[in-house]
Amino acid sequence: MKKIKKFSEILLISILLSSCKALNNREKPIINPEENFNLNNLEKKKIEIKFSCGEQGISEYLDDGWIILKEDSQEKICTWKSVPATKDCDMEKDKGCKITKPDKIGEEKIYLLEK
């Protein structure tokens, strides 16, 4: 009985020691700050800008080094106007008879830029 007890103690101690050794042998990643700095510089920046109703400003971005990845345009209402709903309607006195309608319709351009 003593031999079994002694053997189990030795087995338990050897298991504990070998597991600690395995934890110490794991490789730790080497962090090189210069390498990380260079990787951060390689990341590209992307922005989305919109110009509506005849606004122009994309040339400022292009001059600054941005490249157009995607260009999209869609119709957009630039201004609205209020008109009376009927001939007898007085828009100053009766706000309920005023109808708001699109006045000028233009184009909205959407650019996806990358630098």
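Everything below is about the structure shown above.
Residues numbered from 1 in each chain as written. Predicted model: local features only at pLDDT ≥ 70, side-chain atom pairs only at ≥ 80, totals over all residues. Heavy atoms only, no water.

A. Summary view of the pattern of salt bridges. Applying the stated criterion across every chain, the model contains two salt bridges. For Asp64, the salt bridge identified is with Lys115, shortest N-O distance 3.5 Å. One end of the pair, Asp64, is in the loop between α3 (58-63) and β2 (67-84); the other, Lys115, is in the segment after β3 (98-114), and 51 residues separate them in sequence. Taking relative accessible area as the criterion, Lys115 reaches 42% and is therefore assigned partly exposed. Across the salt bridge formed by Lys76 and Glu108, the nearest N and O atoms sit 3.8 Å from each other. Residue Lys76 is located in strand β2, and its partner Glu108 is located in strand β3; the two are separated by 32 residues in the primary sequence. Note on Lys76: relative accessible area 32%, which makes it partly exposed. (Salt bridge = Lys/Arg side-chain N within 4 Å of Asp/Glu carboxyl O. Helix = DSSP H or I, 4+ residues; strand = E, 2+ residues; numbered from the N terminus. Buried < 20%, exposed > 50% of the residue type's maximum accessible area, 1.4 Å probe, protein only.)

B. Representation of unusual backbone geometry. The backbone of Cys53 sits at a positive phi, close to 55°, despite the residue not being glycine. Structurally, the position occupied by Cys53 is in the loop between β1 (46-52) and α3. Its relative accessible area of 34% is what places Cys53 among the partly exposed residues.

C. Seen up close, the environment of Ile67. Tracing the backbone through its elements, the reader meets Ile67 in strand β2. Here Ile67 falls in the exposed class, since its relative accessible area comes to 52%. Remark: the alpha-carbon pair of Ile67 and Leu113, spanning 46 residues in sequence, is separated by 5.4 Å. Discounting residues that sit within four places of it in the chain, Ile67 has contacts with Leu112, Leu113 and Glu114. (Contact = heavy atoms within 4.5 Å.)

D. Highlighting the state of the cysteines. Summed over all chains, the structure comprises two disulfides. The side chain of Cys53 participates in a disulfide bridge whose partner is Cys78; the two sulfur atoms lie 1.9 Å from each other. Taking the sign of the torsion about the S-S bond as the criterion, the disulfide between Cys53 and Cys78, at about -105°, is left-handed. Separated by 25 residues along the polypeptide, Cys53 in the loop between β1 and α3 and Cys78 in strand β2 bring together distant segments of the chain. Note on cysteine connectivity: Cys89 is disulfide-linked to Cys97, with sulfurs 1.5 Å apart. Between Cys89 and Cys97, the S-S torsion sits near 65°, and that sign places the bridge as right-handed. (Disulfide = S-S within 2.5 Å.)

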